Each structure stands twice: as C-alpha cells, then as structure tokens.
Amino acid sequence: MGKRTVKEAFLSSVPVMAGYIVLGMGFGILAHNAGYGLPWAFAMSLLMYAGSMQYVGIGLLTGGASVLNTLLTTIMVNARHLFYSISMIDRYRDAGKYKPYMIFALTDETYSLLCDGKAPEGTEPHRYRFLVSLFNHFYWICGSVLGSLLGSVLPFSTEGIEFSMTALFIASFTEQWLSSKQHIPAAVGLLGTLGCLLVFGPGKFLIPAMLVITLALSLLRGKLDAGKEAES
Amino acid sequence: MTAPAHSAVLVAVMAGATILLRFLPFIAFRKRTPRYVAYLGRVLPPAIIGMLVIYCLKDVQVHTAPFGVPELLAGAAVVLLQAWKRNSLLSILAGTGVYMLLVQAVF
C-alpha cells in the first residue's frame, strides 16, 4: 500500500512538475539577474513557497522596500491562501503528523490538484496528499536552483514561458467545468473577478474580488447548498 | 543593491506572513467547522480557480498591440485541448508552446 500511495501521488503531481520547474526557473533567473544568487533563490523557494509572491518579492528586495510595505504587499498578494485553507479545514482535520507541512505547502497548484477531494483508490489519503504537496515543493525548489545556476547561459529565449501558470489554471478551470454539473460557483469566480478587475484595476482588484465572491456565494447558499446535497 | 541584512529581514517577513495566512483558518476553526464555513469550503474551489485565471491575465493590455491576442489564442488552445483529450499536462505544455511561439516569432 505504501508504494502504491507514492506512485499515485507522483503521477498526480506530474502536471505540476513541468509548470513548477519552468516557473521556478523563471524565478531563479529573475532573482539571479536582480543580484540575488543561489542561496536567496533556494531560501525563498524553501521557506516562502509562493510563486507569484516570490516574483513580486524580488521587486520588493531590489527596491529596498520597508518592512511594513513588504508585510502589506504579502498580505494583499497572498490573502487568497485564506480561501484555500478554509476549504481544506475538514479534509486536513485528521491528517495528524502530516498536517502542519500540508498547510504550509498549500500553494495554488497543490490546491488545484487536491481540492476535488478524491484520493486515488487503494491509497492512504493523508499520506497521498502529503506526498503530492512534498513532490510539488521539490519541483519548485529544483526549478529555482536550476534557474539560478543556468540564469545567464540558457541557449534559447524563455520569453513567454510564464504562461505555463496561466495554462495550468485554465486547464483546471476547464476540467472542473466539464466534470461538474454545478457551474454557478465557477462562473461567479470568473465573472466576479473580471468585474472587479475592470472596476478597481490590476493593482487592487484581488481583495474586492474575494469579498464579492464570498458575498455572492453566501447569498446563493439556499440554492447551491440544496443542489450540492442532492448531487452527492 | 539592498543590504543583505535588510533583504534577509524582508524574506523572513514575506515567509512569515505567507505561513500565517495559510495557518490562520485552521487555527481559527480548530475545534469544529461552522456549517457556513463548511459550505464555503465546498463551493469556493471552482470560484477560486476562476479567480486565478483572471489573476494570471490581469496585466494583459487589450488597448495596445498585440491586444491580448497571444493570450486569447493560447488560452483557447488550452481549453480546446483539455475538452478534447482531458489531459492537463498536454494542455499546459501545448498552450505554453503556442504562447511562446506567438510572443517570440509572430507578434
């Protein structure tokens, strides 16, 4: 059973592997070019492990931002992690010794792999989720280290490679849409966020979007809660 | 370049704040999950993925060349491939390849 769990966790993590190595390399290259070499890239990927915040973080570091500004920016950019944790509370409740690491390592991509809640047949669910989290973290660190080392010597242009993150979410969204009968939450997330982007602009729309989504889903509770019960 | 000590403090602040955000809901609801929070936990996942799609595309300039055309074409390629083959890895790699080709060679 142990082997099976490792194998299934690895197979599940493969779609993230390419994206994380590529995006991790992107981060390593960016850090390297900004004067933050291997130890910095490694430490940030190990300890922060938050893709977009690490990209933003390099900007804060090179600009010599204040502690307060850095704290506020981190909270703004990463507030969405509150959402991930809220929706994993019940699932991670009995994860025991794996739990602290699984909470620490709950990134956008790990979340998109684990949020459907199903662990493959014949695996120990908590161990499976722990390993998916761990494999993804490992890819991210490897990518960052590789990018930092290869930064200036890559033989081809990597322009546009950052689209792999966008592609991952578009693929998750499409898959989720096709496999679910209930499309209202997905539409609320997409259109609510788009509306907030148009109203508030690219710098400040994320927090309003989270409020709008929470409010809309709360108002729709009577409808959606009943629908979900009937479906499962 | 910023002094290494200040940089180290900033990295610690960013890591600490990120960790705090991830742990906060687990700490707040460690005893039992209110029904409302459990409901949000069920309906939030698809909404968040939708939010992340927009988040990734937030800096696309639709009023100046190339008007977001590379993102549109590559995004459409991901959706169509995913609907056709249901293989996330394939959709992601192909979509990224299309995008890189478009921004490097076409636009």
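The rules behind the values
Residues numbered from 1 in each chain as written. Chains lettered and ligands numbered in written order. Predicted model: local features only at pLDDT ≥ 70, side-chain atom pairs only at ≥ 80, totals over all residues. Heavy atoms only, no water. Domains from an automatic or database assignment. Contact = heavy atoms within 4.5 Å. Buried area = accessible area lost by both parts, 1.4 Å probe. Salt bridge = Lys/Arg side-chain N within 4 Å of Asp/Glu carboxyl O. Polar contact = N/O pair within 3.5 Å; in protein donor to acceptor, adjacent residues only side chain to side chain. Helix = DSSP H or I, 4+ residues; strand = E, 2+ residues; numbered from the N terminus. Nonpolar A, V, L, I, M, F, W, Y, C, P; charged D, E, K, R; others polar. Buried < 20%, exposed > 50% of the residue type's maximum accessible area, 1.4 Å probe, protein only.

S.K.: Would you take a moment to explain the domain arrangement of chain A for this structure?
M.R.: It is common to give the size of an interface as the accessible area lost on bringing the parts into contact. Residue and element names in this part refer to chain A. Annotation of chain A at the domain level lists domain 1 (2–168) and domain 2 (180–232). Domain 1 puts five residues into the contact, and the matching count from domain 2 is five residues. Between domain 1 and domain 2, the buried area comes to about 440 Å², and carbon and sulfur atoms account for 85% of it. In terms of surface lost to domain 2, no three residues of domain 1 exceed Met 76, Arg 80 and Phe 83, which account for 81% of the buried area on that side. Applying the counting rule to domain 1 against domain 2 returns zero salt bridges. Summed over the shared surface of domain 1 and domain 2, the number is zero residue pairs in polar contact (both at pLDDT 80 or more). Counting residues per element, the ones that place at least two in the side of domain 1 that touches domain 2 are α4 (67–78) and α5 (80–92). Of the residues belonging to the side of domain 1 that touches domain 2, the class tally is four nonpolar, no polar and one charged.

S.K.: How should I be thinking about the pattern of salt bridges in this particular structure?
M.R.: Oppositely charged side chains may form a pair once their charged atoms are brought near each other. Under the criterion given, the structure shown has seven salt bridges over all chains. A salt bridge links Asp 90 of chain A to Arg 93 of chain A; the shortest N-O distance between them is 3.4 Å. By relative accessible area, Arg 93 of chain A is classed as partly exposed at 25%. Here the residues in one salt-bridge network are Arg 221 and Asp 225 of chain A together with Arg 42 of chain B, joined through shared partners.

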